[in-house]
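Structural characterization, general
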Amino acid sequence: MSRPLSLRHSTADDRPWIHELRHRVYAEELGQHAPNAEGRLVDGLDGDNVYLVAARGPVRVGFVSVTPPWVGRFGLDKYLTRAELPLLDEADVFEVRLLTVEPDARAGAAGALLMYAALRWIASRGGRRVVAMGRADLVGMYRAAGLRPVGRTVRCGAVEFEVLTGEVAELTRGTTGRHAATLTRLASGVDWRLDSSFAPRPDGW
């Protein structure tokens, strides 16, 4: 029987794997970045952002990045000015980036749980709004999660992205409402190691 899927904060030991998986997916698989001899992708937000990791025992299967507003900059700042995307200047906006799952784990629950983990982490820090870049070919998945396009697209290498946003409270209500049965099922089989609760409190946070 396979081990339960755990959700946890990243450690320093996870960083080489995160950078290597980013290179495999975003350089070699998608052509978003040019491959490099080191086989690793890093960027200027590393060290300021937060990575959440999904794993089965010692085997890591995916991660997602969250950039809090107190960092003072977002990944989207590389593509759009604040005049073009003024919501980045709003209070309590958190950016979700780099939802990435190992190819052999993409049919499982890791991707959905990582998205949910990011939402719970943001809610526990008082986040009001989420902003994200979602691959244009996967925008239906993000819409199903409650995110909505803002009418801006950006391109990085061979990949086109939609800029998406959603209110944390609304995303939480939608997730716990429409997908309540799925969350109950997942909760019974997940090893939740984050410092935010799996289920929202009665006040929605």
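Once a new chain begins, its residue numbering starts again from 1 and follows that chain's sequence as written. Where local features are concerned, this predicted model is filtered to residues with pLDDT of at least 70; where side-chain atom pairs are given and counted, the filter is 80 or more; whole-chain, interface and lining totals use all residues. The basis for every side-chain value is the complete set of heavy atoms in the structure, and neither hydrogens nor water enter the calculation.

1. A short note on the overall build of the protein chain
Stated formally: Secondary structure elements follow DSSP: runs of H or I no shorter than four residues count as helices, runs of E no shorter than two count as strands, and numbering proceeds from the N terminus. The atom set for the radius of gyration is the C-alpha atoms, and the globule formula is 2.2 Å times the number of residues raised to the power 0.38. Only protein chains enter the accessibility calculation, which uses a 1.4 Å probe. A residue is then buried if its area is under 20% of the maximum for its type, exposed if over 50%, and partly exposed in between. For this analysis, residues touch if any pair of their heavy atoms sits within 4.5 Å.
On a plain count of helices and strands, the protein chain comes out with 5 helices and 8 strands. When its helices and strands are written in sequence order, the protein chain yields β-α-β-β-β-α-β-α-β-β-α-α-β. A compact globule built from 205 residues would reach a C-alpha radius of gyration of about 17 Å, and the protein chain, at 16 Å, matches this within 12%. The dimensions of the protein chain, computed from C-alpha atoms along their principal axes, are 40 × 40 × 30 Å. Within the protein chain, the fraction of its 205 residues that count as buried is 48%. A fraction of 71% describes how many contacts in the protein chain between residues 6 or more apart in sequence connect residues 24 or more apart.

2. Structural notes on the nonpolar core
Heads up, the condition is: We define the nonpolar core as a collection of buried residues of types Ala, Val, Leu, Ile, Met, Phe, Trp, Tyr and Cys that are connected through side-chain atoms lying within 4.5 Å of one another.
With 35 residues, the main nonpolar core has Leu7, Ile122 and Trp192 as its most contacted residues. For this core, the element with the most residues is helix 2 (residues 110-124), which contributes 10 residues. Look past the residues within four positions of Leu7 in its chain and what remains in contact with it is Val53, Ala54, Leu113, Leu114, Ala117, Val190, Asp191, Trp192, Arg193 and Leu194. Counting residues in each nonpolar core, the second largest holds 26 residues, with Trp17, Leu30, Leu76 and Leu88 among its members.

3. Description of helix 4 (residues 168-178)
Side chains that are three or four residues apart share a direction in an α-helix, a result of its 3.6 residues per turn. How we decide: Relevant arc is that of directions from the helix axis to the C-beta atoms, nothing else.
Considered for burial, the residues of helix 4 that qualify are Val168, Leu171, Thr172, Gly174 and Thr175. Projected onto a plane normal to the axis of helix 4, the buried residues spread over an arc of 165 degrees and lie on a single side. Facing away from the buried side of helix 4 by over 90 degrees, the exposed positions are Arg173 and Arg178. Buried residues belonging to helix 4 abut helix 2, strand 5 (129-135), strand 7 (159-167) and helix 5 (180-187).

4. Remarks on the side chain of His19
For clarity, the threshold we go by: Counted as a polar contact is a pair of N or O atoms within 3.5 Å, where, for protein atoms, one must be capable of donating a hydrogen and the other of accepting one, and residues adjacent in sequence contribute only when both atoms are in side chains.
Relative to the assigned elements, His19 resides in helix 1 (residues 15-29). Here His19 falls in the buried class, since its relative accessible area comes to 7%. Of the polar contacts made by the side chain of His19, one reaches the side chain of Asp46; its length is 3.2 Å.

5. Remarks on the sheet that holds strand 1 (residues 5-9)
The line we're drawing: Whether two strands pair depends on DSSP finding at least two bridges between them. An axis is simply a line fitted to the C-alpha atoms; with a helix, the fit covers only the stretch in contact. Between two such axes, the angle follows the N-to-C directions and lies from 0 to 180 degrees.
Reading across from one edge, 6-7-5-4-3-2-1-8 is the order of the 8 strands in this open sheet, with mixed pairing throughout. Every other strand in the sheet has two partners, leaving strand 6 (148-156) and strand 8 (190-192) as the edge strands with one partner each. The average undirected angle you get between the axes of adjacent strands in this sheet is 25 degrees. When strand 1 meets strand 2 (residues 50-56), the two strands line up antiparallel, connected through 5 bridges. Each bridged residue has a counterpart across the sheet, and for Leu7 the counterpart in strand 2 is Ala54.

By themselves these figures say nothing about function.
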